[in-house]
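# A look at the structure
The chain contents come next:
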Amino acid sequence: KIQLKQSPEIQTEAAHRHHRPQIVTGTCSFCQAEVLPDTFETHLGTCPQYAAFLARPVAHPEPIFRLQVQDLEGKGFWLYLEMKSSETLAQLDHYLRTIWLECCGHMSKFTDDGFGSREYSNAETAARVFAPGRRFIHLYDFGTTSETGITVLGVHNGGTVEDNPITLLARNKAPVFMCQAERCHAVATTVCEECSQGENLPSGAFCDAHTRSHDCGIDLMPICNSPRTGVCGYCGPDQPPYGPGRPAALPGLLDEPSDEDNDEEDEEGAQLHPALLGAFLQAMLLPRMHARREGRDIHGRFRRRQRRTRPRREIPTTDAGWRQVDVDGMLDRYNMEQLKVFLRAKHLRVSGHKAELVARIHDYFAAQGAEAAAAGVGRA
């Protein structure tokens, strides 16, 4: 469940105390209104800009599926999308990778209920797979896996913005986390993968000042509007590949040369716009190339050649070990795949959010304790 909106003062205190993001609201791509994920469909029914969008003439109307997308680790990231029925799942995979997931070109797949369930080829069309009420799980990176839940909310006849395969209807605002340095209450801008050890933000998050003085000796990653933040070196760009929600500051990829340019230099065809090329190299390639060549991190500090050794969290191998983790209240420190290993061994359901997996393990040990107590009373 996503936390309801609170006042800024309560949000800031709660975020720092309970390690939860301050902002769980989102923005409508059509009217820019602030919306809540649970009531966004109601908002669409009253949004004049969206109504005008639906009323416009469409050259080739077709069924359009409305999708609700959310991360399944309860981090508060969510999207509302509309997708053409004629497009393939490869288009949706590309969209999710671009706006949320892509870091190192990992493998991905669409499934009914995660690993071990039915899988769908990326060549399948939305018309063949989607139907109102159906739910899917998209898996990205089969090592440090990001699980994304997709729910088909409904279908209507029409088109998409600029005839793109997918339209972004709404998206959560970028979460705000507080710096985890002692006695610091500044807003965090980076996350240390070594310090977070796979836990959810704000674990391992630091402000600009403490980023410069941080001494783990590894690259710190920027905090992005993505559930992949802090995982496997993810650094963004956390923007959709096209359409609403994408910054409009950059020009198109190919610009026709002006007459003045033609007078100075005779060139044929389109030119690659230098502003776009420069922005791409600056944002995606050059910092890392120079950093690794010179032994620096992305913030210009020299990396330590020897990483600081930190004890890694041991995964329990016995029931007694998992029971002790439950007693200590530390189940939420393990990721979903680690929790599912135990659930599968006990033939328990492995679907759902991380909080549901934790509750399922806790209920299992509570039931075991109750049975043991009842057996003791019977013997007495």
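Note that the structure is predicted; figures quoted are calculated from it, not measured.

For the protein chain, the helix and strand inventory stands at 12 helices and 14 strands. Accessible surface for the protein chain amounts to roughly 20,400 Å². Of this, 53% is attributable to carbon and sulfur atoms.

This brings us to the confidence of the model for the protein chain. Mean pLDDT over the protein chain: 78, with 74% of residues reaching 70 or higher. This model gives residues 248-270 a pLDDT under 50, and the stretch forms 23 contacts once residues within four places in sequence are excluded.

Quick look at the nonpolar core now. Grouped burial of nonpolar side chains is what soluble globular proteins tend to show. Ranked by internal contacts, the top residues of the largest apolar core, which has 26 residues, are Leu-67, Val-69, Leu-79, Leu-81, Leu-92, Phe-130 and Ile-150. Looking at this core, the elements with two or more residues in it are β3 (62-71), β4 (78-84), α4 (89-101), α5 (126-129), β7 (135-140), β8 (146-158) and β9 (166-172). By residue number, the principal contributor to this core is α4, which donates seven residues. The residues touching Leu-92, leaving out its near neighbours within four places in the chain, are Leu-67, Leu-81, Met-83, Phe-110, Phe-130, Ile-150 and Ile-166.

Before going further, it helps to spend a moment on the sheet that holds β3. What the nine strands build is an open sheet, ordered β2-β1-β9-β4-β3-β8-β7-β5-β6; its pairing is antiparallel. At either margin of the open sheet sits one strand with a lone partner, and together these are β2 (34-35) and β6 (119-120).

So, about the sheet that holds strand β10 (residues 190-192). Strand order across the open sheet formed by three strands is β11-β10-β12, with antiparallel pairing between neighbours. With one partner strand each, in any of the chains shown, β11 (205-206) and β12 (220-222) form the two edges of the open sheet. Note that β10 and β11 share two bridges and pair antiparallel. From the neighbouring strand, Val-191 faces β11, where its bridge partner is Ala-205.

Geometry of an aromatic ring pair is reported as the spacing of the ring centres plus the angle between the planes. Taken as a whole and assessed by the stated rule, the structure comprises 15 aromatic pairs. A ring pair is formed by Phe-65 and Phe-130, whose centres lie 5.6 Å apart and whose planes are at 85 degrees; its orientation type is edge-to-face. In this pair, Phe-65 sits in strand β3 while Phe-130 sits in the loop between α5 and β7, placing the two residues 65 residues apart along the sequence. With a relative accessible area of 6%, Phe-65 lands in the buried category. Judged by centre distance (5.4 Å) and plane angle (45 degrees), the rings of Trp-322 and Phe-342 are tilted. With Trp-322 in helix α10 (residues 319-327) and Phe-342 in helix α11 (residues 336-345), this residue pair connects regions lying 20 residues apart in the sequence. Across the pair, exposure class does not vary: Trp-322 and Phe-342 are buried alike. An aromatic cluster is defined as three or more aromatic residues linked by ring pairs; in this entry it consists of Trp-322, Tyr-334, Phe-342, Tyr-364 and Phe-365. Sitting over the face of the ring of Phe-142, Lys-109 holds its NZ or CZ atom 5.1 Å from the ring centroid.

A word on the pattern of salt bridges. By the definition in use, this model includes 13 salt bridges. The salt bridge involving Asp-163 is made with Lys-84; its shortest N-O contact spans 2.5 Å. Of the two residues, Asp-163 sits in the loop between β8 and β9 while Lys-84 sits in strand β4, which places them 79 residues apart along the sequence. Residue classification places Asp-163 among the exposed positions, given a relative accessible area of 56%. For the salt bridge of Glu-124 with Arg-128, the shortest nitrogen-to-oxygen distance reads 2.9 Å. According to the relative accessible area criterion, Arg-128 is exposed, its value standing at 66%. Put simply, Glu-41, Arg-66 and Glu-82 are held in one network by salt bridges that share partners.

All right, on to the pairing of β4 then. In terms of residue burial, β4 counts as a mostly covered element, since seven of its seven residues are buried. Here β4 shows two buried faces, one formed by Trp-78, Tyr-80, Glu-82 and Lys-84 and the other by Leu-79, Leu-81 and Met-83. Judged from the seven bridges that link them, β3 and β4 form a sheet pairing that is antiparallel. Residue pairing for β4: Phe-65 is matched across the bridge by Met-83. Turn length for the β3-β4 hairpin, with the two strands adjacent in sequence and antiparallel, is six residues, and the turn residue Gly-74 shows positive phi of about 70 degrees. The pairing of β4 with β9 spans five bridges and is classified as antiparallel. Bridge pairing in β9 places Leu-79 opposite Arg-171.

Conventions we followed
Residues numbered from 1 in each chain as written. Predicted model: local features only at pLDDT ≥ 70, side-chain atom pairs only at ≥ 80, totals over all residues. Heavy atoms only, no water. Helix = DSSP H or I, 4+ residues; strand = E, 2+ residues; numbered from the N terminus. Areas by Shrake-Rupley, 256 points an atom, 1.4 Å probe, with all protein chains shown as cover. pLDDT = per-residue confidence, 0-100. Contact = heavy atoms within 4.5 Å. Core = buried A, V, L, I, M, F, W, Y, C linked by side-chain atoms within 4.5 Å. Buried < 20%, exposed > 50% of the residue type's maximum accessible area, 1.4 Å probe, protein only. Pairing = 2+ DSSP bridges. Phe/Tyr/Trp six-rings, centres within 6.5 Å; stacked < 30°, edge-to-face > 60°. Lys NZ or Arg CZ within 6 Å of the ring centre and 35° of its normal. Salt bridge = Lys/Arg side-chain N within 4 Å of Asp/Glu carboxyl O.

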